[in-house]
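# A structural walkthrough
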Amino acid sequence: MQHTINSSIRPLYLIAFFILIFGNGNLLAQISNNSNPSLGLVVEHAMVVSARVEASQIGIEILKKGGNAFDAMIATDLALAVAYPFAGNIGGGGFMVYRKADGTTGALDYREKAPQLAERNMYLDANGTVIPDLSILGAKAVGVPGTIAGLFEVHQKLGSLPFNELIQPAIDLAKKGVIVTESDVKSFENQRKKFKKANGTIIPLDRNWKIGDTVKYAELAQTLERIRDFGRSEFYEGETGQKMLAYLQKKGGILTLEDLKNYKAVWRQPIQFNYKDYTITSMTLPSSGGICMAQILKSIEPFDIGQYSHNSKEYIQLLTEAERRAYADRAYYLGDIDFVKVPISQLIHPEYLAKRMQDFNWNQATTSSAVSHGSVDWSESDETTHYSIVDAYGNAVSVTTTLNGAFGSKVYVPEGGFFLNNEMDDFSVKPGTPNMFGLIGAEANAIQPGKRMLSSMSPTLVTYQGKLKMVLGSPGGSTIITSVLQNILNVIEFNMSMQESVNQPRFHHQWLPDVLKMEPNGFDLKTISKLKTMGYQIDESKSIIIGKVDAILILPNGHLEGGADPRGDDSAVGY
Ligand code: GLY
């Protein structure tokens, strides 16, 4: 799906913000659609920022009822599965990083897994060549979904309201329908051929949708009702699971009932590190997000990047060189920690990182071939979705969830009303061959039955002097990590407001291909020219968007400022 940064397409953009009085209580909930370039919505108590206003509103409703951030997470996640089928899902997976009001932190991994029948070379032909699209489009691309397991796990450990109250708003939304935005029209339109290819038949979204139409999701509403009534097992072995399997198997998929029954979400210790006086908590493996972010921020820390102007030549160069080195390590070392040994503490050790930066030269770009070998092609993407929540009790939740590609594998379970992921493409299907994000992988991320594929999703929290400062994350495949860390730097090094930070143009380097991606029309032409002179290959293609960051900043007086990314339909709602 393609967006431009300063899209003026949404009617809500025309409204700075407006106030809604919700059904519950007397509290006013405010909605911001990020039309103010320098300051986002500011509220006193609680906030949800997500890819769709419907989902943010549903999350806030739960908070206003007295639910906590974890309750709101469940309701928001399910609402996104309805309102934003592009990436919101019940057929995918995700990660949550949280911080409770008492300061304790944790992380939940509900990432998809390779089915038991998966094989290392399942996407290669007899000559060992990657079969185009097999890991991306259609039933073979589907990993065992984790979302429903994850939501029930969160509910059991941290929720406070009954599950049926948390799922009901999504059911109601699916029945009432969702208004089609211009972004929706584009994303539906872009995928129509692929919907047909993956399903062999017309699916409900495969229509000539117009802005302002209402899409109703009757089958999805019924699926959610069954999950409400029968619980987690409905998805993994009940009617929904059976229907999903029957459809997948008919389409050539390899998932079995055993795969579904055996799926478990896993509580993990998040990655935690200091950058200057700040503590950053982010996702650990099987996401590379926390480790890569730690590597990049610890690599630049000795250079005091804040002394350079924001997005200046020096700033871009320093960050790019740290990114180049971190992504080279990502490709070689990182994989599912349940299957491979990863030297995490060495990789993020300041001495190791200082050594990695030793050959950095202010006058000249390092070439990626000097860091390692390879030459690849890649395409950018803004799939996946992130939301941030802070409740009135002081709990914070940062969640990134995905189907991987737009609408995942495009396989749509007709009787279930939902799409299934194509997360298998996040494995290294052949060492040295790039995936859909152009990421190269090695042995550590090779396919094995039951293994989780390496991710870049980086749900993140920042604290300062023991207090919550930021909650943030982004979609964007490989660009997630660099989008999140640029926003951390925008706020803590350049003192930007959350909205101002989110609005800033972003850049990205991932080692291979040796290309510096820069969002178009956002950077000083002289800076670009100087970077080119030093040997940086710059890609400023018109369509590039780098991440869609949805974030919350806790202001010194304790109020919350939302940063809802104008690159999408994203929206902050709070009270
Ligand atoms: N599927 C995108 C990611 O997990 O990084």
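Residues numbered from 1 in each chain as written. Predicted model: local features only at pLDDT ≥ 70, side-chain atom pairs only at ≥ 80, totals over all residues. Heavy atoms only, no water.

## Here we look at the pattern of salt bridges
Tallying each qualifying case throughout the model produces 33 salt bridges. E165 is the salt-bridge partner of K65, the closest N and O atoms lying 3.0 Å from each other. Of this pair, K65 sits in the loop between α1 (53-64) and α2 (69-83) while E165 is found in helix α4 (residues 163-176), placing the two residues 100 residues apart along the sequence. The class for K65 is partly exposed, based on a relative accessible area of 39%. Two residues, E314 and K313, come together in a salt bridge whose shortest N-O distance is 3.7 Å. Using a relative accessible area of 18% as the deciding quantity, one classes K313 as buried. One connected set of salt bridges, linked through shared partners, spans R226, E234, E239, K243 and E415. (Salt bridge = Lys/Arg side-chain N within 4 Å of Asp/Glu carboxyl O. Helix = DSSP H or I, 4+ residues; strand = E, 2+ residues; numbered from the N terminus. Buried < 20%, exposed > 50% of the residue type's maximum accessible area, 1.4 Å probe, protein only.)

## Some words on the pairing of strand β10 (residues 271-275)
The two faces of β10 differ: I271, F273 and Y275 on one face are buried, but Q272 and N274 on the other face are not. Two elements, β10 and strand β11 (residues 278-282), share five bridges in a ladder whose sense is antiparallel. Within β11, the residue paired with F273 across the bridge is I280. With antiparallel pairing between neighbouring strands as the criterion, β10 and β11 make up a hairpin whose turn holds two residues, including K276 at a positive phi of roughly 50°. (Pairing = 2+ DSSP bridges.)

## A look at the environment of T482
Note on placement: T482 falls in helix α15 (residues 479-492). T482 gets classed as buried once you look at its relative accessible area, which sits at 0%. In this structure T482 touches E323, Y327, F507, H508 and H509, once residues within four positions along its chain are discounted. (Contact = heavy atoms within 4.5 Å.)

## Considering the sheet that holds strand β21 (residues 550-554)
Remark on secondary structure: sheet strands pair via backbone hydrogen bonds, oriented parallel or antiparallel. Taking strand neighbours across the sheet as the criterion, the seven strands line up as β3-β22-β21-β17-β16-β11-β10 in an open arrangement whose pairing is antiparallel. Only two strands of the sheet have a single neighbouring strand rather than two, namely β3 (42-43) and β10. Together, β10, β11 and β16 (460-464) form the strand contacts of helix α10 (residues 289-300), whose direction differs from that of β10 by roughly 15°. Across the sheet, α15 lies against β10, β11, β16, β17 (467-472) and β21, angled at about 140° from β17, the strand it touches most. (Axes fitted to C-alpha atoms, helices over the stretch in contact; angles between N-to-C directions.)

By themselves, these figures tell us nothing about what the structure is for.
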